[in-house]
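Spelled out from the first residue to the last, the chains are:
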Amino acid sequence: GTKNILPLLVEFSIPAIIGMLVNAIYNIVDRMFIGNAPELGAIGLAGISICYPVTLVLMAISLMIGMGGATRFSIALGQGKKEEAGKYMGNGLTLTIILGLVFMILGNVFLAPMLRLLGASKTVLPYAENYLSIILYGAVFQCIAMAGNNFSRAQGNPKNAMISQLIGAGFNILFDCIFHMGMQGAAFATIGGQFLSALWQLAFLFGKRTIIPLNATLLKLQLNISKQIIQTGIPAFLMQISNSVLNIILNASLVKYGGDLALSAIGIVTSIQTLILMPITGLMQGQQPLISYNYGALKMDRVKETLKYAIIGATMIALIGFIAVQFFTKSIVYMFNDEADVVKLCSHALHIWFMCLPVIGAQVMCANYFQAIGKIKISSVLNLLRQIIILIPCIIIFSSIIGLDGIFIAVPVADLSAFIITVLLLKNALKKEA
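Rules of the game
- Residues numbered from 1 in each chain as written.
- Predicted model: local features only at pLDDT ≥ 70, side-chain atom pairs only at ≥ 80, totals over all residues.
- Heavy atoms only, no water.
- Helix = DSSP H or I, 4+ residues; strand = E, 2+ residues; numbered from the N terminus.
- Rg over C-alpha atoms; globule rule 2.2 N^0.38 Å.
- Areas by Shrake-Rupley, 256 points an atom, 1.4 Å probe, with all protein chains shown as cover.
- Lys, Arg positive; Asp, Glu negative; His and termini not counted.
- Charge placed at Lys NZ, Arg CZ, Asp CG, Glu CD.
- Expected span 1.5 Å × (residues − 1).
- Buried < 20%, exposed > 50% of the residue type's maximum accessible area, 1.4 Å probe, protein only.
- Polar contact = N/O pair within 3.5 Å; in protein donor to acceptor, adjacent residues only side chain to side chain.
- Contact = heavy atoms within 4.5 Å.
- Axes fitted to C-alpha atoms, helices over the stretch in contact; angles between N-to-C directions.
- Parallel < 35°, antiparallel > 145°, perpendicular 65-115°, else oblique.
- Left-handed = near helix turned anticlockwise from the far one by under 90°.
- Nonpolar A, V, L, I, M, F, W, Y, C, P; charged D, E, K, R; others polar.
- Phe/Tyr/Trp six-rings, centres within 6.5 Å; stacked < 30°, edge-to-face > 60°.
- Lys NZ or Arg CZ within 6 Å of the ring centre and 35° of its normal.
- Patch = residues over 30% accessible without salt bridge, like charges linked within 9 Å, V, L, I, M, F, W, Y side chains within 5 Å.
- Salt bridge = Lys/Arg side-chain N within 4 Å of Asp/Glu carboxyl O.
- Core = buried A, V, L, I, M, F, W, Y, C linked by side-chain atoms within 4.5 Å.
- Bend = angle between axes of the 7 residues up to and from the residue.

Draft legend 1. Spotlight on the overall build of the chain. The secondary structure content of the chain amounts to 16 helices and zero strands. For 434 residues, the compact-globule formula gives about 22 Å, and the C-alpha radius of gyration of the chain, at 21 Å, lands near that figure. Projecting the C-alpha coordinates of the chain onto the three principal axes gives extents of approximately 60 × 45 × 35 Å. For the chain, the exposed area adds up to about 16,900 Å²; of that, 70% sits on carbon and sulfur atoms. Each charge sign in the chain was given a centre, from 27 positive and 16 negative side chains, and these centres are 14 Å apart.

Draft legend 2. Molecular detail of helix H6 (residues 139–154). Given a rise of 1.5 Å per residue, 16 residues ought to cover 22 Å, and the 23 Å separating the end C-alpha atoms of H6 matches this to within 8%. Of all the 16 residues making up H6, 15 are buried; the element is thus mostly covered by neighbouring parts of the structure. With its phi angle positive at about 85°, Gly156 sits one or two positions after the end of H6.

Draft legend 3. The side chain of Asn150, seen in detail. Tracing the sequence through the fold places Asn150 in helix H6. Side-chain polar atoms of Asn150 contact the backbone oxygen of Met146, separated by 2.9 Å. Aside from chain neighbours lying at most four places away, what touches Asn150 is Leu63, Gly66, Met67, Ala70 and Gln285.

Draft legend 4. Expanded view of the environment of Leu350. Take Leu350: it is sitting in helix H13 (residues 340–353). For the pair Leu350 and Ile266, spaced 84 residues apart in sequence, the C-alpha to C-alpha distance is 8.7 Å. Residues contacting Leu350, with those up to four places away along its chain left out, are Val269, Ile272, Val325, Gln326, Thr329 and Val333.

Draft legend 5. Spotlight on the packing of helix H10 (residues 223–296) against helix H16 (residues 404–433). It is at 12 Å that the axes of H10 and H16 come closest, and there the two elements cross at 20°. With respect to H16, the axis of H10 lies roughly parallel. H16 is crossed by H10, and the crossing has right-handed handedness. Along the contact surface, H10 presents Leu250, Ser253, Leu254, Tyr257, Gly258, Ala262, Ile266 and Tyr295, while H16 presents Leu404, Ile407, Phe408 and Glu433. Taken together, the residues of the contact of H10 with H16 break down into nine nonpolar, two polar and one charged.

Draft legend 6. A look at unusual backbone geometry. Not every positive phi belongs to a glycine, and Leu298 is a case in point at roughly 60°. Along the chain, Leu298 falls in the loop between H10 and helix H11 (300–327). Judged by relative accessible area, which is 75%, Leu298 ranks as exposed.

Draft legend 7. A look at the side chain of Thr329. Relative to the assigned elements, Thr329 resides in helix H12 (residues 329–334). On the basis of relative accessibility, which here comes to 6%, the residue Thr329 falls in the buried class. A polar contact is formed between the side chain of Thr329 and the side chain of His351, at a distance of 3.2 Å. Residues contacting Thr329, with those up to four places away along its chain left out, are Ala324, Ser347, Leu350 and His351.

Draft legend 8. How the structure looks around the packing of H10 against helix H15 (residues 376–402). Between H10 and H15, whose axes approach to 7 Å, the crossing angle comes to 15°. Comparing their axes, H15 and H10 come out roughly parallel. By crossing handedness, the relation of H10 to H15 is classed as left-handed. Split by residue class, the contact of H10 with H15 holds 18 nonpolar, twelve polar and one charged.

Draft legend 9. A look at the packing of aromatic side chains. Summed over the entire model, instances satisfying the criterion amount to four aromatic pairs. Geometry around Tyr309 places Lys308 over its ring, the cationic atom sitting 4.8 Å from the centre.

Draft legend 10. Summary view of a nonpolar patch on the surface. A surface patch of nonpolar side chains, amounting to about 630 Å² of accessible area, comprises Ile98, Val102, Ile105, Leu106, Val109, Phe110 and Leu221. Secondary-structure assignment places Phe110 in the loop between helix H3 (82–109) and helix H4 (111–117).

Draft legend 11. Representation of the nonpolar core within the structure. The biggest cluster of nonpolar side chains holds 107 residues, and the ones touching the most others in it are Leu115, Leu254, Ile272, Met365, Tyr369 and Phe408. The dominant element in this core, judged by the number of residues it contributes, is H10, at 20 residues. Judged by nonpolar contacts, the second largest core, of 23 residues, contains Phe73, Ile144, Phe151 and Ala198.

Draft legend 12. Examining H10 more closely. With 74 residues, H10 should reach 110 Å at 1.5 Å per residue; the first-to-last C-alpha distance of 23 Å falls well below that figure. At Gly258, H10 shows its maximal kink, close to 130°. Two residues or fewer past H10, Leu298 is found with a positive phi of approximately 60°.

Draft legend 13. Spotlight on the environment of Asn251. Mapped onto the fold, Asn251 is located in helix H10. Overall, the relative accessible area of 4% leaves Asn251 in the buried class. Considering only alpha carbons, one finds Asn251 and Gly119, 132 residues apart in sequence, at a separation of 6.9 Å.

Draft legend 14. Seen up close, the environment of Ala120. Looking at where Ala120 falls in the secondary structure, it is placed in the loop between H4 and helix H5 (125–135). Residues Ala120 and Ile43 lie 77 residues apart in sequence; the distance between their C-alpha atoms is 11 Å. Excluding its chain neighbours within four sequence positions, the residues that come into contact with Ala120 are Ile50, Leu115 and Leu125.

Take a look at the structure:
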């Protein structure tokens, strides 16, 4: 509420950025080990690509409760309502455990038909089943860890969230390095890391280092509190679920126009995209509690200053990613796979896919501003804009005209269109707040 905004944003964002980069390593390290394993290679990468939309749904659920609860917590704290803030945190943890268990049970019951629906061929299906059947058992751990990370930042302790993610990713990398167990080994490494992260966050949330330690009373679900958490978290949920829907359409289009080879190549492209976007997501998470708290305290000058610095930072991150991809394309691809056909197609796709990458950072920050101040409807639309409203129709239309390249071209078209629309809506909203 009082400290200079820029150092405060750095203090909150750097641990979140490191944490999100580490979080990206979960999938990326698995893909690196699988893509370079002689017995798996391209077909193993295709198996993970098929599973990716399911893992995104789980992340959507985790973020809905984590970001929804943390936003309400921060606003209540800014208003000086500590008891109410504690209820948002307790109800958030209970909700995330319940939803994680439901996801685990339903996912395992419908595993094979779900993967076939996502486009798994007879060749890819066994690899995808081996991986996802294990990942699903870690659903509750991921939900607890992600919700805990959001509440750590909301309580002014972003370093705790970073340490949680470092512990999880460290275990994942170590396990992958020591035990070469194919698809199942990669999955066990992932859920083992998530389990350790969840334990760390539970120890923090129930311990003495928090502003408001959790207890049994705060964990008891209250309909009104739970409803507000879910409503506030819907934009974050829609952002991730749209990514899942996008991946389903994308995978189906890739199989139709490029077969399993295209599926493997774009599995690498989306891994690189994740690596670039995760620091932007970390900056967004650093921005959120500052905007929410100061909006609750009616300090609009500090809200606007936070947003300004966040947009500048996100644009710089996106530019660095853009330059790296354009100048070191093949070196990056070789980290995942060295099969000539995969390298050739992936390098070609990367140059087109990331043409408008520099504007994505600003678009994400501007869209998140509306969620941070509790304006759910407009935030939901903006989070759906790039991934669903514009990109999916572009993929379908362009691929039917141009083929495989049409899928790649659709991405920069959607990125630029969403950026223009979001900036115009933000300018209009800020004028009204002035």
